[in-house]
Amino acid sequence: MKPLAERLRPTTLDTYIGQQHLVGKGAVLRNMIEGGRISSFILWGPPGVGKTTLAKIIAYTLNTPFYTLSAVNSGVKEVREVITRAKSTRFFDTTTPILFIDEIHRFSKSQQDSLLAAVETGEITLIGATTENPSFEVIRPLLSRCQVYVLKSLGKEEMLSLLHHAVAHDILLKEREVNIKETDALLRYSGGDARKLLNIIELLFNSAPEGTLTIDNDIVTERLQQNPMAYDKDGEMHYDIISAFIKSIRGSDPDAALYWLARMIAGGEDPKFIARRLIISAAEDIGLANPNALLIANAAFEAVNKIGWPEGRIPLAEATIYLAASAKSNSAYRAIDEALSWVEKNENAPVPLHLRNAPTDLMKELNYGDNYIYPHDYPDNFAIQQYLPDNLRDTHFWNPCSNPQEDRLTTRMIQLWPKWGKRGSS
């Protein structure tokens, strides 16, 4: 007989538990499904929150061909074969076949590249599922063709609803008397993972003698024989602890940062994941207050890449302490976001003529590069001239934070550009 999690897998949105921000009344995915047309998208979230189930419900509801690939055991050849099969099943005015790829973050660049043409031309609708941030794990051309929807770990009420649904509707459980006395341990072990909850219930069912099946904290703990608060690198705690780690660094508390680092190391977290987060923190939170932080974080990443565990814990700890103890500035982070916001909201401004390159005679005739001032020909290798487009000439994106390093930079800017210190914010 199928496992409990498979026996209870919902087939309609009305029986699907959780993710109401996506499938609730008026939510984006429900609207697309009810409209009969969906676009390619990626479902990002921890294990056991319904990514695969949601993809199957969509295919079932739309009555469209559904193909599945696992990134673990599929190569470029398998991708091309399934795309060919999907194209052969599509006829005029029928819905586009769905290709569901589980663990899409495990696909190599060449595997992801093999999907691009079919997704772009609409030969397939791609639904990917991943537990990792798609920004890091999915190539940009494919990511630009897919909307990303974030799925959340199930809350306490949703998990309890699933528990009672299983007891009342499963073909085996409903034949037994089930006495639910306590659920704290059950919920802690499950960690917002529906599949894990159902697997635990099935374990209790299989290991209990005939008669009443009792669920309480002692029985759950005794059956599972593990620490219910253990770090789960694939579950919700993965996201909570890395968040606590980064916020401790940002808050300049090296002891707290080391504690959360130790929790991740003891739990078997991927060291490269930790090192990547340190690099991001160095750029985002320390920034110009201590530019060496980015060098230290990057060096830690390289060291971990070379030596692995257990010695990798040492450069990670060194970088963690250094970042946490460093002065903090997010001025570079805010500056690039400010500049990007301007670019996205306004028309592209032309490059001033004196800043343009003039590699051809025609360009020289059009005054490209005329009147450009070469800074190295002047004292201090600086000369005042306009570098921004005309409509942005008085705009400022970078607003320094107050720390010794940026104070020195600010002083230099005021010395070079007299109006700089009197500027308003952008």
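Note that the structure is a prediction, hence the values are computed from the model and not measured. (Residues numbered from 1 in each chain as written. Predicted model: local features only at pLDDT ≥ 70, side-chain atom pairs only at ≥ 80, totals over all residues. Heavy atoms only, no water.)

**Student:** Before we move on, can you summarise the overall build of the protein chain with the specific residues and values?
**Tutor:** Across its full length, the protein chain holds 20 helices and 7 strands. The C-alpha atoms of the protein chain give 28 Å as radius of gyration, which overshoots the globular expectation for 426 residues (22 Å, by more than 25%). Across the 426 residues of the protein chain, 41% fall into the buried class. Summing over all exposed atoms, the protein chain offers an accessible surface of approximately 23300 Å²; the carbon and sulfur share of this is 52%. Taking the average location of the 46 positive side-chain charges in the protein chain and that of its 52 negative ones, the two points are 2 Å from each other. (Helix = DSSP H or I, 4+ residues; strand = E, 2+ residues; numbered from the N terminus. Rg over C-alpha atoms; globule rule 2.2 N^0.38 Å. Buried < 20%, exposed > 50% of the residue type's maximum accessible area, 1.4 Å probe, protein only. Areas by Shrake-Rupley, 256 points an atom, 1.4 Å probe, with all protein chains shown as cover. Lys, Arg positive; Asp, Glu negative; His and termini not counted. Charge placed at Lys NZ, Arg CZ, Asp CG, Glu CD.)

**Student:** Can you tell me about helix H14 (residues 254-266), naming the residues and giving the values?
**Tutor:** With 13 residues, H14 should reach 18 Å at 1.5 Å per residue; the first-to-last C-alpha distance of 18 Å fits that figure. Turning to H14, its buried residues number three or more, namely Ala257, Leu261 and Met264. Here the buried residues of H14 occupy an arc of 60 degrees about the axis, which is enough to place them on one side. Residues of H14 that are exposed and point more than 90 degrees away from the buried face comprise Asp255 and Ala266. Phi turns positive one or two residues past the end of H14, at glycine 268, with a value near 85 degrees. (Expected span 1.5 Å × (residues − 1). Arc of directions from axis to C-beta.)

**Student:** Tell me about the environment of tyrosine 149, residues and numbers included.
**Tutor:** If you trace the backbone, tyrosine 149 turns up in strand E5 (residues 147-150). What makes tyrosine 149 buried here is its relative accessible area of 11%. Spatially, the C-alpha atoms of tyrosine 149 and serine 110 are 24 Å apart, while their sequence positions differ by 39 residues. Discounting residues that sit within four places of it in the chain, tyrosine 149 has contacts with Leu22, Val28, Leu29, Met32, Phe41, Ile42, Leu43 and Trp44. (Contact = heavy atoms within 4.5 Å.)

**Student:** Can you break down the packing of aromatic side chains residue by residue, with the values?
**Tutor:** Within the structure shown, the criterion is met by 4 aromatic pairs. Their ring planes at 65 degrees and their centres at 5.4 Å tell us that phenylalanine 41 and tyrosine 149 sit as a pair that is edge-to-face. Here phenylalanine 41 is found in strand E1 (residues 41-44), whereas its partner tyrosine 149 is found in strand E5, with 108 residues between them in sequence. You'll find phenylalanine 41 and tyrosine 149 in the same group, each marked buried. An angle of 70 degrees between the planes, with centres 4.8 Å apart, marks the rings of tyrosine 259 and tryptophan 260 as edge-to-face. Take tryptophan 260: its relative accessible area is 23%, and that puts it in the partly exposed class. Lying across the ring of tyrosine 368, arginine 356 places its NZ or CZ 5.0 Å from the centre. (Phe/Tyr/Trp six-rings, centres within 6.5 Å; stacked < 30°, edge-to-face > 60°. Lys NZ or Arg CZ within 6 Å of the ring centre and 35° of its normal.)

**Student:** Residues and numbers for the sheet that holds strand E4 (residues 125-130), please.
**Tutor:** Taken in spatial order, the 5 strands make up an open sheet running E2-E3-E4-E1-E5, and their pairing is parallel. Whereas interior strands pair on both sides, the edge strands pair on one side only; in this sheet they are strand E2 (66-70) and E5. Adjacent strand axes in the sheet meet at a mean angle of 20 degrees when their direction is disregarded. The pairing of E2 with strand E3 (residues 98-102) spans 5 bridges and is classified as parallel. Residue pairing in the sheet places serine 70 in a bridge with aspartate 102 of E3. Across the sheet, helix H4 (residues 51-62) is in contact with E1, E2, E3 and E4; its angle to E3 comes to roughly 175 degrees. (Pairing = 2+ DSSP bridges. Axes fitted to C-alpha atoms, helices over the stretch in contact; angles between N-to-C directions.)

**Student:** An account of unusual backbone geometry is requested, with residue identities and associated values reported.
**Tutor:** At the junction of tryptophan 309 and proline 310, the peptide bond is cis and its omega measures out at 0 degrees in the coordinates. Checked against the element boundaries, proline 310 lands in the loop between helix H16 (292-307) and helix H17 (313-325). Positive phi outside glycine occurs at serine 252, with the angle close to 60 degrees. Within the fold, serine 252 resides in the loop between helix H13 (236-250) and H14. Residue serine 252 is classed as partly exposed on the basis of its relative accessible area of 38%.

**Student:** Any chance you could break down the layout of surface pockets for me, citing the residues and the numbers?
**Tutor:** Size it by volume and the largest pocket reaches roughly 1100 Å³. Around the largest pocket, the lining is made up of 42 residues, and of these Pro47, Gly48, Val49, Lys51 and Arg195 lie nearest the centre. In terms of residues, the lining of the largest pocket owes the most to one element, helix H11 (residues 194-207), which gives 4 residues. The residue inventory of the lining of the second largest pocket, partitioned by class, reads 8 nonpolar, 4 polar and 4 charged. (1 Å grid on protein atoms, 1.4 Å probe; cavity = no way out; pocket = protein on both sides within 12 Å on 5 of 7 lines; lining within 4 Å. Points joined across faces, edges and corners; volume = space filled by probe spheres on them. Nonpolar A, V, L, I, M, F, W, Y, C, P; charged D, E, K, R; others polar.)

**Student:** Provide a residue-level description of the environment of serine 329, including the pertinent values.
**Tutor:** Along the chain, serine 329 turns up in the loop between H17 and helix H18 (331-345). For serine 329, the residues in contact, after removing those within four places along its chain, are Glu284, Asp285, Ile286, Gly287, Leu288, Ala289, Cys401, Asn403 and Glu406.

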